[in-house]
Amino acid sequence: MFPSCYSKPADSGGKRSSVAKLLLGVFVVYMLHTAWLLYGFLNTKPCDGGRGEPCISSYLTAKPRLQMSVFTCLVPDNSQLTLALRVDLFDPHSTFERQVSVSLPEETQNNGSLYAVVYVHKAGVSPLEDRREVHYAAQLTTYITPPRTKGQKASRKKRESQRPVSHWRPHLSITVMSEEFIFSKAGLPSDVRRYMRLSQEGRRMTYLPLLLVNELSCRVKDLMEINSSSMQLPLTVSYEGISLRTFRFWIHLQDIVYSLRQFGFTEENIDEIKETLIGSNVYLLVLTALITSLQLICEFLALKNDICSWAKKKSMVGMSRKSVLWRCLGTLLIFLHLLEETSLLVLLPVGLGACVEVWKVFKVFKIQISRRCHTNKLDEEERKTVEYDTQASRYLSYLVYPLCISGAVFSLGYIRQKNYYSWLVNTLVTGVYALGFLSMAPQLFINDKLKSVSHMQGAVLMYRGVNTLISDLCGFASFFSSSVPFTSSHQLSCFRDELLFLLYLFQRRRYSSVPKRRESVSKKVKTQ
């Protein structure tokens, strides 16, 4: 995975720099390509008819009398349509919201599906007889697995609860590109071409209204379970005229959600992504994408340098075994805690980090697993490090034990809402989050005793510090721009990387000349 980790010592520096340059080059090329695509996405050039290029004008320019009709059907075709809503004087530039009641067929009541077909057509004419109509079919139902209730204890009931059940989508958000934009036939965007229907009269080409149903507005918390007693269900039909830029923006977002479904993401995981995408504008999403890319690069480089330095580490002099063990246990507990309430986007990096921390525990304790598990002996300097580590842990226990006991007693009320397993995991995770800063103390104590920081990974601390600094700055920005609190327990646990990096810089500046003096003394002893 990381070939530069196991290269020869003489070539390790060159190979590491070449890999870093390659990653940096790939990242720069990717960002330039993304910037170019965003520029074309945000700045669509209109057609210049004066140059003789063929143009496609909007059908809405002629101000036609339009009508919107919303039908329901079991199959999205032109047969067996049931009218649910009709807007006689439809203005594409307007905004409205209507409440209707939809009658459910027997097939839908028996765990079936139902579709809505939205037509925009000429007023006073049936949409099936208008050759300039545009329509869009959207699902009014979706299949999800209902959450298991507390009373389900029998195995048969558990199996039944795991079967997907049809749920009702109570919101239907309709949009039409009301901007009378003139497209160039040669430079027509591919994403717009999929939704465009052309009408030609002589040499003049016009495109019919660009209709789109925003399927991202439906959230999992708004879904209503359908059963045999559900004869009628409410439906909120909303409409909004949007610009070309917003129209293309919604198209790309819906393509992203469709791709996530193809990759096996559940509706609950996709719902979290919808909340992020819908609650932001285009520029904020672009900034979020750039920050996320930078954080991924920092996290990857930190993980790579961490694995490489620990793979080549032969002596554990100066390394705090208690700090490594504490970080391993804390990462595993956080992973178990996030396993119940977080999506795969967060679980994957946390799970990979937990595996690395477990591997580091085996390295620092010199545990080797063959036919039988055994540990290697420590040399004199490593035994001195263990003594310092034990001394620091003893001093730290005077503060940690009272805090842990008081926190566990304080959280006893959590048992009334959750089971004992959840109470235990949440209590331990709260202790990890609250006392995570104190896990640095043994390592800093050892550095002070040895008067050196050469055994620590400066690059890893730097990348993790930059990563968490970016997260905290984004948190501060969200705090001042909205009512959402910027701090969370997970962010507080990551904040120790910044503090550790600052303390590392202080100790490195303070003990920068000590290792050189030790090396000169050891050389004098050898010559004598």
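See the structure printed just above.
Presented here is an overview of the structure given in this document. (Residues numbered from 1 in each chain as written. Predicted model: local features only at pLDDT ≥ 70, side-chain atom pairs only at ≥ 80, totals over all residues. Heavy atoms only, no water.)

Let us look at the overall build of the protein. Helix and strand content of the protein: 15 helices and 17 strands. Residues classed as buried in the protein amount to 41% of the 528 residues present. Intrachain contacts of the protein at a sequence separation of at least 6 include 76% that bridge at least 24 residues. Accessible surface, the protein: about 31,200 Å² in total, of which carbon and sulfur atoms supply 60%. (Helix = DSSP H or I, 4+ residues; strand = E, 2+ residues; numbered from the N terminus. Buried < 20%, exposed > 50% of the residue type's maximum accessible area, 1.4 Å probe, protein only. Contact = heavy atoms within 4.5 Å. Areas by Shrake-Rupley, 256 points an atom, 1.4 Å probe, with all protein chains shown as cover.)

Let us now look at the nonpolar core. Grouped together as the largest cluster of nonpolar side chains are 58 residues, with contacts concentrated most on Met 68, Phe 90, Trp 168, Leu 172, Ile 174 and Phe 183. Counting residues per element, this core draws most heavily on helix α5 (residues 244–262), at eight residues. The contact partners of Phe 183, leaving out residues within four places of it in the chain, are Cys 47, Pro 54, Cys 55, Ile 56, Met 177, Leu 188, Pro 189, Val 192, Met 196, Tyr 207 and Leu 244. Of all hydrophobic cores here, the second largest spans eight residues; its members include Leu 444, Val 453, Leu 500 and Tyr 504. (Core = buried A, V, L, I, M, F, W, Y, C linked by side-chain atoms within 4.5 Å.)

Spatially, four strands are ordered β10-β1-β12-β11 in an open sheet, and the strand pairing comes out mixed. The sheet is open, and its two edges are formed by β10 (183–184) and β11 (198–201), each paired on a single side. Direction of pairing for strand β1 (residues 55–58) relative to β10: antiparallel, over a ladder of two bridges. Bridging across to β10, Cys 55 finds its partner in Ser 184. (Pairing = 2+ DSSP bridges.)

So, on to the side chain of Gln 67. Relative to the elements of secondary structure, Gln 67 occurs in strand β2 (residues 66–73). In this structure Gln 67 comes out as buried when scored by relative accessible area, which is 9%. At a separation of 3.4 Å, a polar atom in the side chain of Gln 67 contacts the side chain of Ser 69. (Polar contact = N/O pair within 3.5 Å; in protein donor to acceptor, adjacent residues only side chain to side chain.)

It is worth spelling out the pattern of salt bridges at this point. Pairing is possible between side chains of opposite charge, provided their charged atoms come close. Inspection of every chain in the model, using the stated rule, returns twelve salt bridges. Glu 201 is the partner of Arg 132 in a salt bridge, and the nearest nitrogen-oxygen pair spans 2.1 Å. You can see Arg 132 sitting in the loop between β5 (115–122) and β6 (134–139) and its partner Glu 201 sitting in strand β11, a full 69 residues away along the chain. When its relative accessible area of 48% is taken as the criterion, Glu 201 is described as partly exposed. Between Asp 191 and Arg 248 there is a salt bridge, with its nearest N and O atoms 3.0 Å apart. Taken together, the residues span a long stretch of sequence, with Asp 191 in helix α4 (residues 190–193) and Arg 248 in helix α5 at a distance of 57 residues. Like Arg 248, Asp 191 is buried. Overlapping salt bridges bring together Asp 306, Arg 327, Glu 357 and Lys 360 as one network. (Salt bridge = Lys/Arg side-chain N within 4 Å of Asp/Glu carboxyl O.)

Its 18 residues give helix α8 (residues 321–338) an end-to-end C-alpha distance of 26 Å, which sits within 8% of 26 Å, the value for a rise of 1.5 Å per residue. Turning to α8, its buried residues number three or more, namely Arg 321, Ser 323, Val 324, Cys 328, Gly 330, Thr 331, Leu 333, Ile 334, His 337 and Leu 338. (Expected span 1.5 Å × (residues − 1).)

Let us now look at the sheet that holds strand β3 (residues 82–90). Here four strands make up an open sheet; going across it, the order is β3-β2-β5-β6 and the pairing antiparallel. If you trace the sheet from one side to the other, it starts and ends with β3 and β6, each paired once. Across the sheet, the mean angle from the axis of one strand to that of its neighbour is 15 degrees, orientation sign disregarded. Both β5 and β6 contribute to a ladder of six bridges, which runs antiparallel. Considered in β6, the bridge of Val 120 is made with Val 134. (Axes fitted to C-alpha atoms, helices over the stretch in contact; angles between N-to-C directions.)

Moving on: the state of the cysteines. A full pass over the atoms with the stated rule returns one disulfide. At a sulfur-sulfur separation of 1.8 Å, the disulfide partner of Cys 47 is Cys 55. Residues Cys 47 and Cys 55 are joined through a disulfide that is left-handed, its torsion about the S-S bond being -65 degrees. Assessed through its relative accessible area of 12%, Cys 47 is described here as buried. The partly exposed category is assigned to Cys 55, whose relative accessible area is 24%. Of all cysteine sulfurs, the one in Cys 355 lies closest to Cys 328, which takes part in no disulfide; the gap is 9.7 Å. The exposure class assigned to Cys 328 is buried, which follows from its relative accessible area of 5%. (Disulfide = S-S within 2.5 Å.)

Looking now at the packing of aromatic side chains. Think of a pair of aromatic rings as described by two things: how far the centres are apart, and how the planes are tilted against each other in angle. Under the definition given, this model contains nine aromatic pairs. Judged by centre distance (5.5 Å) and plane angle (25 degrees), the rings of Phe 96 and Tyr 239 are stacked. Pair noted here: Phe 96 is in strand β4 (residues 95–103) and Tyr 239 is in strand β15 (residues 232–242), with a separation of 143 residues, a long-range link. Of the two residues examined, Phe 96 and Tyr 239, each falls in the buried class. (Phe/Tyr/Trp six-rings, centres within 6.5 Å; stacked < 30°, edge-to-face > 60°.)

Note on strand geometry: in a regular strand, side chains alternate between the two faces of the sheet. Burial along strand β8 (residues 165–168) is two-sided: Val 165 and His 167 and Ser 166 and Trp 168, pointing in opposite directions, are all buried. Two elements, strand β7 (residues 141–144) and β8, share four bridges in a ladder whose sense is antiparallel. The partner of Thr 141 across the bridge, within β8, is Trp 168. Bridge count for β8 against strand β14 (residues 224–225) is two bridges, and the pairing is antiparallel. Directly across from Trp 168, in β14, lies its bridge partner Met 224.

Fair warning: the whole summary comes from geometry, so function is off the table for now.
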